[in-house]
Amino acid sequence: ASELKKVVPDTYFLGGQRASVQLRNSVGFRGPDGKLVLAGLVDTSGYASDLAEKYQGFLITEVKLNVGGSQLGPGEYGFGFNKDGKFAVMDVGANDLLSVTAQTDDKVAHPVPLKMVEDGGAYKLYAGKRWVGLKAE
């Protein structure tokens, strides 16, 4: 938590707008080489409804990531768990880059807005009961 306070931005820019970051709903991990992968929820109340529906948070990665079976290069992105059961990633211009099927874990007793759980050398990024796998490559 103390390290997250040092590296998580206060605001995040996507699609021509700036959104406040929810530090309490920010997570991250260090890859094998010490490089960071960060994710957090943002306040999208000022965004147009079509973008706010698909954009819930930011994803910053210093390493290549395998995201649910798709490759994502180092960079800064927006993400969202959509109503259609997908985890979508957008570039800074809010252009769709990838979309993978999100999994559901009905065994989660107390879902929280965002958390990350280590899973055998990879991580599960949860939003409530929905999750997607992230693995540094």
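Before reading on, note that the structure itself is shown above.
Below is a summary of the structure that appears in this document.

## Topic: the packing of aromatic side chains
Applying the stated rule across the entire model yields six aromatic pairs. Directly above the aromatic system of Tyr126 lies the positively charged group of Lys115, at a separation of 5.1 Å from the ring centroid. One Lys or Arg, Lys124, reaches over the ring of Trp131 and ends 4.4 Å from the middle of that ring.

## Remarks on the pairing of strand E4 (residues 57-61)
Of all the five residues making up E4, five are buried; the element is thus mostly covered by neighbouring parts of the structure. Of the two faces of E4, both are covered, the one formed by Gly57, Leu59 and Thr61 as well as the one formed by Phe58 and Ile60. With five bridges connecting them, strand E3 (residues 36-42) and E4 associate as antiparallel partners. Each residue of the ladder has a partner; that of Leu38, found in E4, is Ile60. One ladder, built from five bridges, connects E4 with strand E7 (residues 75-81); its direction is antiparallel. Within E7, the position partnered with Gly57 by the bridge is Phe79.

## Some thoughts on the nonpolar core
Grouped together as the largest cluster of nonpolar side chains are 26 residues, with contacts concentrated most on Leu59, Leu65, Val67, Leu72, Phe79, Phe87 and Leu125. When residues of this core are traced back to their parent elements, those giving at least two are strand E2 (17-30), E3, strand E5 (65-67), E7, strand E8 (86-90), strand E9 (96-101), strand E12 (122-127) and strand E13 (130-136). In this structure, Leu125 is in contact with Val27, Ala39, Phe79, Phe81, Phe87, Leu114, Lys115, Met116, Arg130, Trp131, Val132 and Leu134, ignoring residues within four places of it in sequence. Core analysis: the next-biggest nonpolar cluster, separate from the first, contains 15 residues, Tyr12, Ala19, Val42 and Phe58 among them.

## Describing the sheet that holds E2
Pairing within the open sheet is antiparallel, and its seven strands lie in the order E1-E2-E3-E4-E7-E8-E9. What marks the edges here is a single partner per strand, and that holds for strand E1 (11-14) and E9. Averaged over all pairs of adjacent strands, the angle between their axes in this sheet comes to 35 degrees, without regard to strand direction. Relative to E3, E2 runs antiparallel, the two being bridged by seven bridges.

## A word on the pattern of salt bridges
Summed over the entire model, instances satisfying the criterion amount to two salt bridges. Of the charged contacts, one joins Glu3 and Arg30 as a salt bridge, the two residues approaching to 2.3 Å between their closest N and O atoms. Here Arg30 lies in strand E2 and Glu3 lies in helix H1 (residues 2-7), a separation of 27 residues in the sequence. Residue Arg30 is classed as partly exposed on the basis of its relative accessible area, which comes to 41%. Lys54 is the partner of Asp96 in a salt bridge, and the nearest nitrogen-oxygen pair spans 2.8 Å. Placement of the pair is Asp96 in strand E9 and Lys54 in helix H2 (residues 49-54), with a sequence separation of 42 residues. Given a relative accessible area of 55%, Asp96 falls into the exposed group.

Criteria and thresholds
- Here, residues in each chain are numbered from 1, in the same order as that chain's written sequence.
- Per-residue local features are limited, in this predicted model, to residues with pLDDT of at least 70; the limit for side-chain atom pairs, both in listing and counting, is 80 or more; totals at the level of whole chains, interfaces and linings are taken over all residues.
- Hydrogens and water are ignored here; the side-chain numbers use all heavy atoms of the structure.
- Ring geometry is summarised as follows: Phe, Tyr and Trp rings, the Trp one being its six-membered ring, pair when their centres sit within 6.5 Å, and such pairs are stacked at plane angles under 30 degrees, edge-to-face over 60 and tilted between the two.
- Two thresholds decide whether a charge sits over a ring: the Lys NZ or Arg CZ must be within 6 Å of the ring centre and within 35 degrees of the ring normal.
- Burial classification: accessible surface area is computed with a 1.4 Å probe over protein chains only, and a residue below 20% of its type maximum counts as buried, one above 50% as exposed, and the rest as partly exposed.
- The way it works is that DSSP assigns letters per residue, a run of H or I at least four long becomes a helix, a run of E at least two long becomes a strand, and they are numbered from the N terminus.
- Strands qualify as paired when DSSP identifies two bridges or more between them.
- The criterion is simple. A nonpolar core is a set of buried Ala, Val, Leu, Ile, Met, Phe, Trp, Tyr and Cys residues joined through side-chain atoms within 4.5 Å.
- We call two residues contacting when some pair of their heavy atoms lies within 4.5 Å.
- An axis is simply a line fitted to the C-alpha atoms; with a helix, the fit covers only the stretch in contact. Between two such axes, the angle follows the N-to-C directions and lies from 0 to 180 degrees.
- Take a side-chain nitrogen of Lys or Arg and a carboxyl oxygen of Asp or Glu: if they are within 4 Å of each other, that pair is a salt bridge.

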